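Structural overview
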Amino acid sequence: MNSEELLAKLSECVEFGKVNKNAPFPPAMKGMDGADELTAQALEMGVDPVDILNNALIGAMDKVGEKFSQKKIFVPQMLISAKAMNAAMEHLKPYFQSGQVKRKGKFIIGTVAGDLHDIGKNLVAMIVEGAGWEVIDLGVDVNAAKFMQAIDTNPEAVVGLSALLTTTMASMKNIVAEIKGKYPEVKLIVGGAPVTEAFKTEIGADGYSDDPQGAVSYLNALVA
Amino acid sequence: MTDKTVNSDVNQWFAHNQGLVDILPEKVVVEPYRILKGMGMQPADADDYLLDLISNEMEACKKKLMPEAAFNVHFSHQFSPGKYHIKLDEITFKTSKIVYSFLKKSTYLVLFSCTCGPAIENYSRELMKEGNSLEGLIVDLIGSEMAEWITEEVHLFIEKAMEQFGWGVSNRYSPGYCNWPVSEQHKLFALLGENNCGIKLTPTSLMLPIKSVSGMLGIGPGLKRLAYKCNICDDKNCIMRGK
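Here goes a summary of the coordinates provided. Since this is a predicted model, take the numbers as computed values, not measurements.

Once that is clear, we can look at the overall build of chain A. Helix and strand counts for chain A come out as nine helices and five strands. Listed by position from the N terminus, the elements making up chain A come as α-α-α-α-β-α-β-α-β-α-β-α-β-α. In terms of principal-axis extent, the alpha carbons of chain A reach across some 55 × 35 × 25 Å. Put simply, chain A has 224 residues, and 54% of those count as buried. Of the contacts made within chain A by residues no fewer than 6 positions apart, 69% connect residues no fewer than 24 positions apart. Accessible area of chain A: about 9,400 Å², with a carbon and sulfur share of 52%. Across chain A, the centroid of the 21 positively charged side chains sits 2 Å from that of the 28 negatively charged ones.

Written as structure tokens, this is what we have:
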């Protein structure tokens, strides 16, 4: 396999969720090398880690996000793809640390105070990370102070706030107001089942998305 | 039987039965389609790999399930129509239009708490931490469904008991849903007293263990459980809509 074929195969593994050789999923790829082995092979072959990231991994996760938006795949397939992506990213870690491979930017994400639901937030975090962003996940039940502490450390970051309960939308509104009061220049994107475009405008956030791919599109547009 | 006699019989039933409810872990049932639904899927969308995964995690969760459920009745209450307030003993719940409308005809109000215990959510967290997000999500959804199953069991237990007195039960409602602020949890747990199943509240009124349900339901003659009337609720974005 030449490097082009290797990257194409790696991209396929991420798109369809083939984590490593031992992984039973997808059945059609049973016994074949997965994202883990192929990334190692690409690096051994001397493929530039930037090419691995840009030409194989990000493109594959982009396809996954699009298929999810179009309801061609569902949450499980997306999570398996994200796992394959993570297996590949493990090999790229040293290059991120050395600065040879750069992320598109930083994205702070958390579920707002009063809400413990993290499924949607986790999906967004995985897809955004797969799109080449560094994700700082603050977890659930996050208050304004914790968001602002993270912004203090990462002033260039974009911030994502998630809420699942209609009754915690008020909490989202308060947190957005507090962050914007102190950091008017920080971009805030909101999402979650009860959140709408109209609500985003009402509370003074900058972006809204009803799915992970929309969040990626918003973030990518900021650095385009 | 006079109304007074019935009330006295109901009071006696609660005197003997309120408190902990026996829930056997092996009896807890979660249908796989509910887990698929939680992931936005229909049964036809699932392959054998996913169904096997759900089945395996279901078995693992059953072993980790430590169900607890309890309820208590409150005979003294006062409804304030314009404000949707319900005063129980000395505590005033600021409910919502929809919660109030379904509870206002209750003769008595019952508070309940139910939990799966901490082991299932800890297991989910471990799986996520290890990078097994799909397995972690499935376990999380199984935990939620198990908590709902336990709550339904308590609801049915009270409903069946009330039938013998010619009484019925209302729907059940929880702070955080149907526009009833989640901050009201603290009042609910103050009145649950020792019937709290060991559930602790965070300063933001969330329950720990997470896989817990608490709430209120009404009992009385003429009451019955109805479909959750999302069409009359003004919260068009509620995630429970049409559930």
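There is more to say after this.
Residues and elements named next belong to chain A. Of the two faces of strand E4 (residues 188-191), both are covered, the one formed by Leu-188 and Val-190 as well as the one formed by Ile-189 and Gly-191. Bridge count for strand E3 (residues 158-162) against E4 is four bridges, and the pairing is parallel. When the sheet's bridge partners are listed, Ser-162 is paired in E4 with Gly-191. Remark: the E3/helix H7 (residues 169-182)/E4 crossover connection has right-handed handedness. Of the strand pairs in this sheet, E4 and strand E5 (residues 207-208) are connected by two bridges, and their pairing is parallel. Bridge assignment links Val-190 to a residue of E5, and that residue is Tyr-208. As for the winding sense of the linkage, the β-α-β connection from E4 through helix H8 (residues 197-203) to E5 is right-handed.

This brings us to the interface of chain A and chain B. With 24 residues of chain A at the interface, the matching set in chain B holds 30 residues. Here chain A and chain B share an interface that buries about 2,200 Å² over both sides, 71% of which is from carbon and sulfur atoms. When the buried area of chain A at its contact with chain B is split by residue, A:Phe74, A:Leu116 and A:Thr167 rank highest and sum to 23% of it. Put simply, chain A and chain B have two residue pairs in polar contact (both at pLDDT 80 or more) between them. Those elements that place two or more of their residues in the side of chain A that touches chain B are helix H4 (75-98) and helix H5 (119-130) of chain A. Counting residues per element, the side of chain A that touches chain B draws most heavily on H4(A), which supplies five residues. For the side of chain A that touches chain B, the class distribution of residues is 15 nonpolar, six polar and three charged.

Right, let's talk about the packing of helix H3 (residues 48-64) of chain B against helix H6 (residues 133-163) of chain B for a bit. Residues and elements named next belong to chain B. Contact geometry of H3 with H6 gives a least axis separation of 9 Å together with a crossing angle of 55°. In terms of orientation, H3 lies oblique with respect to H6. Of the two elements, H3 crosses H6, and the hand of that crossing is right-handed. On the side of H3, the interface is formed by Leu-50, Leu-53, Ile-54, Glu-57, Met-58, Cys-61 and Lys-62, while H6 contributes Leu-134, Glu-135, Ile-138, Val-139, Ile-142 and Met-146. Along the lines of polarity and charge, the residues of the contact of H3 with H6 split into ten nonpolar, no polar and three charged.

Positionally, A:Val47 belongs in the loop between helix H2 (35-44) and helix H3 (49-69). Along the chain, A:Val47 and A:Asn154 lie 107 residues apart, while their C-alpha atoms are 31 Å from each other.

Let's shift gears to the nonpolar core. Of all hydrophobic cores here, the largest spans 105 residues; its most connected members are A:Leu57, A:Phe107, B:Phe14, B:Met39, B:Met162 and B:Ile219. Ranked by residue count, the leading element in this core is H6(B), at 13 residues. Each of two domains, domain 1 (3-98) and domain 2 (106-223) of chain A, supplies a minimum of three residues to this core. Contacts of B:Phe14, omitting those with residues within four sequence positions, involve B:Phe71, B:Val73, B:Phe75, B:Val110, B:Ile158, B:Met162 and B:Ile219. Counting 28 residues, the second-largest nonpolar core is a separate cluster that includes A:Met169, A:Met172, A:Phe199 and A:Ile203.

Cut-offs and rules
Residues numbered from 1 in each chain as written. Chains lettered and ligands numbered in written order. Predicted model: local features only at pLDDT ≥ 70, side-chain atom pairs only at ≥ 80, totals over all residues. Heavy atoms only, no water. Helix = DSSP H or I, 4+ residues; strand = E, 2+ residues; numbered from the N terminus. Buried < 20%, exposed > 50% of the residue type's maximum accessible area, 1.4 Å probe, protein only. Contact = heavy atoms within 4.5 Å. Areas by Shrake-Rupley, 256 points an atom, 1.4 Å probe, with all protein chains shown as cover. Lys, Arg positive; Asp, Glu negative; His and termini not counted. Charge placed at Lys NZ, Arg CZ, Asp CG, Glu CD. Pairing = 2+ DSSP bridges. Right-handed = clockwise from strand over helix to strand, strands pointing away. Buried area = accessible area lost by both parts, 1.4 Å probe. Polar contact = N/O pair within 3.5 Å; in protein donor to acceptor, adjacent residues only side chain to side chain. Nonpolar A, V, L, I, M, F, W, Y, C, P; charged D, E, K, R; others polar. Axes fitted to C-alpha atoms, helices over the stretch in contact; angles between N-to-C directions. Parallel < 35°, antiparallel > 145°, perpendicular 65-115°, else oblique. Left-handed = near helix turned anticlockwise from the far one by under 90°. Core = buried A, V, L, I, M, F, W, Y, C linked by side-chain atoms within 4.5 Å. Domains from an automatic or database assignment.

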